[in-house]
Structures are given as C-alpha cells and as structure tokens.
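# Fold and geometry: a report
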Amino acid sequence: MERPAESLLEVHGLHVAYGKAEVVHGVSFDVRAGEFVVLLGRNGAGKSTILHAVSGLIPKRAGSVRYAGRDIGAATPRDIVRVGLVQVLEGHRVFHSLTVEDNLLIGTYARNPRGDRSKLARVYAMFPEMAQKRHQLASRLSGGQQQILAVAQGVIGEPRLLILDEPSAGLAPLVIDRILEVAAQLCRDGMAVLLVEQLVERALRHGHYCYLVETGRIGGEGSTQEIQGSDLLQRIYLGH
Ligand SMILES: Nc1ncnc2c1ncn2[C@@H]1O[C@H](COP(=O)(O)OP(=O)(O)OP(=O)(O)O)[C@@H](O)[C@H]1O
Ligand SMILES: [Mg+2]
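Just so it is clear, the structure is predicted and the values come from calculations on it, not from any experiment. The residue numbering used here restarts from 1 in each chain and proceeds along that chain's sequence as written. Each chain is given a letter, starting from A, and each ligand a number, starting from 1, according to the order in which they appear as written. Residues qualify for local features only when their pLDDT is at least 70, as the model is predicted, and side-chain atom pairs are given and counted only at 80 or more; totals for whole chains, interfaces and linings, by contrast, use all residues. Excluding hydrogens and water, the side-chain values take into account all heavy atoms of the structure.

### Concerning the pattern of salt bridges
Rule in force here: A carboxyl oxygen of Asp or Glu within 4 Å of a side-chain nitrogen of Lys or Arg is what we treat as a salt bridge. Counting from the N terminus, the helices are the DSSP runs of H or I reaching at least four residues and the strands are the DSSP runs of E reaching at least two. Buried, partly exposed and exposed residues are distinguished by accessible area as a fraction of the type maximum, computed with a 1.4 Å probe on protein chains only: under 20%, between the cut-offs, and over 50%, respectively.
Throughout the structure, instances matching the rule amount to 12 salt bridges. In this structure, the salt-bridge partner of E35 is R3, at a minimum N-O distance of 2.8 Å. Here the residue E35 occupies a position in the loop between β2 (21–32) and β3 (36–40), and R3 occupies one in the segment before β1 (7–18), the gap between them amounting to 32 residues. One exposure class covers both E35 and R3, and it is buried. When the shortest N-O distance is used, the salt bridge between D79 and R82 registers 3.4 Å. In this pair, D79 and R82 both sit in helix α2 (residues 77–82), 3 residues apart, roughly one turn of the helix. The exposure class of D79 is partly exposed, given its relative accessible area of 34%.

What follows is the structure, given as structure tokens:
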C-alpha cells in the first residue's frame, strides 16, 4: 500500500541527550495524515526518548520537528497538545484521586480550560466500560481499565495524531487487542497513530508503516508487510 502523500509529523536529524550522554543520534522519520506508524526496537533503543522529544517533554540537542506544516521544535508541551498532537505516556498514568469522568475532562483542558463535557458522550460510546465507571475513583480501576482510561483521556482531546507508548505494558491480551483495535478504528476515521510497542506481531498487524529503532538510529523502515517478511526484525531483536 502506498503511503498517503500528506505529511503530518516530520522529524529530521533529531539528536537527544541526557546530560552528556547522547542516546538519539540523528533520527528522521515521518507520519503521514491518517497513517498508523509503528516504531519498533529493543529495550533501551531510544523509542520513548524520541517520543518525549517530539511532544516537547524533554529538550532536543539538534534536529527539527514539524507538525501539520509548522515548526514545533521549540513549542511547549501544552502548545503541542493544542495543535492536535497528544501523547499517551508509558505506564497508564491517570490521576488516582480523581474520578474516571474528571480524568477524561482533563483531556479537554488544553482547548478549554474549564473542561468540555460535550466531548464525553463520544468517548463513552467508544469505551462503554468507562461510562459504567464514570463516578468511580481511578484508583479503583484495574491496570487494564486504567490504561483504557489513559487512552480515552488522549482520544477525548480529538487529536489529529495520537502517540501511544507501549500501551500493552503489563496488560492481559484481550485488553491489548481492544486498545489496538480502538486505535486502528480511530485511524480508519482519519486520525493518525504513532505506536511504540514490544508486541511486534500485533503492532505490525495493525500498523501501515514501520520504522526500526536501533540504538538511537533508524535501522530500517518499510511497510508493515515488508518488515514482517524481512530479516531486519531478527537483526534488531536477536542481533544477527
Ligand atoms: N531520564 C533518563 N536519564 C538518563 N538516561 C536515560 C533516561 N531515560 C532513558 N535513558 C537512557 O536512554 C536510553 C534510551 O531509553 P528509552 O527509554 O528512550 O528507550 P526505549 O526504547 O523506550 O526502551 P523501552 O523499550 O525499555 O521502553 C537508554 O539507554 C536509557 O537508559
Ligand atoms: Mg520506552
């Protein structure tokens, strides 16, 4: 399948360091409008670091990040959310002392500081288990439900690009499939997805295009079908 023509996120020559230790060494990739892109790579390869730099959560040493034609390289995380790029962080981070509904409303704050209740119905239709538990404290949810809440909190902001960092971590297979299927459905409805995932098979099944991250560099790329059948995966994960 051809990639869509319109670029939504363009990352070029990205370098990121923690103190003096550079861990991302000149990474370039892009996500096209409405595309489902997967970033794969071993533990510690630099995937989360790349995502955090794109979302403005950590500083970049060098490189450019453009989103929907604008340079967002120096934008604050809040401004980045406001232009329609939302990242769901690793490890289902939700506010435990707030209810499900209040957690969801937080996802609307970037565009409306008082919260936008009109957006709730759409996410409750998409995630009926969240509607059922709307008045419960997030701390009472299971890990899987907290992850669904974290994804729902991202989706309620109606991003054009949703970034998911290992949504499967620690979850049961059924919940993982559910989350990836929701992401794929949102993608069919026009949203772009950038997914980091350790579950290679599942990620390749849902994604359209794939980049392989190898110790802070892009070690290969291709359509998910091409990558599925190539020996690049073995090189990246098994080292031969
Ligand atoms: N806050 C930090 N301070 C210093 N070094 C860090 C920090 N966060 C990550 N690193 C290092 O940067 C490198 C890349 O880490 P990163 O978390 O981006 O990898 P990852 O590909 O997301 O791994 P995983 O699959 O385990 O989530 C690793 O060597 C890691 O030890
Ligand atoms: Mg990570």
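### A closer look at the site of ligand 1
Convention followed: In this text, near means that some heavy atom of the residue lies within 4 Å of the molecule or strand in question. Nitrogen and oxygen atoms within 3.5 Å of one another constitute a polar contact, given that in protein one can donate a hydrogen and the other can accept it, and given that sequence-neighbouring residues count only through two side-chain atoms. Here the accessible surface of atoms and residues is derived via Shrake-Rupley with a 1.4 Å probe, and residues count as covered only by protein chains that are part of the display.
Near ligand 1, the surroundings consist of 13 residues, among which G44, K47, S48, T49 and Q198 are the closest. One of the side-chain N or O atoms of N43 is found 3.0 Å from an oxygen atom in ligand 1. At 3.0 Å from an oxygen atom of ligand 1 is found a main-chain nitrogen or oxygen belonging to G46. When ligand 1 is considered free in solution it has 640 Å² of accessible area, and contact with the protein chains removes 58% of it. Per-element accounting of the shell around ligand 1 gives the leading share, 3 residues, to helix α1 (residues 47–54).

### Here's the deal with the confidence of the model for the protein
Heads up, the condition is: Every residue carries a pLDDT, the predictor's confidence in it, which falls somewhere between 0 and 100.
Scored by pLDDT, the protein comes out at a mean of 92, with 99% of its residues at no less than 70. When pLDDT is averaged over each element of the protein, β2 comes out on top at 98 and helix α10 (residues 232–238) at the bottom at 79.

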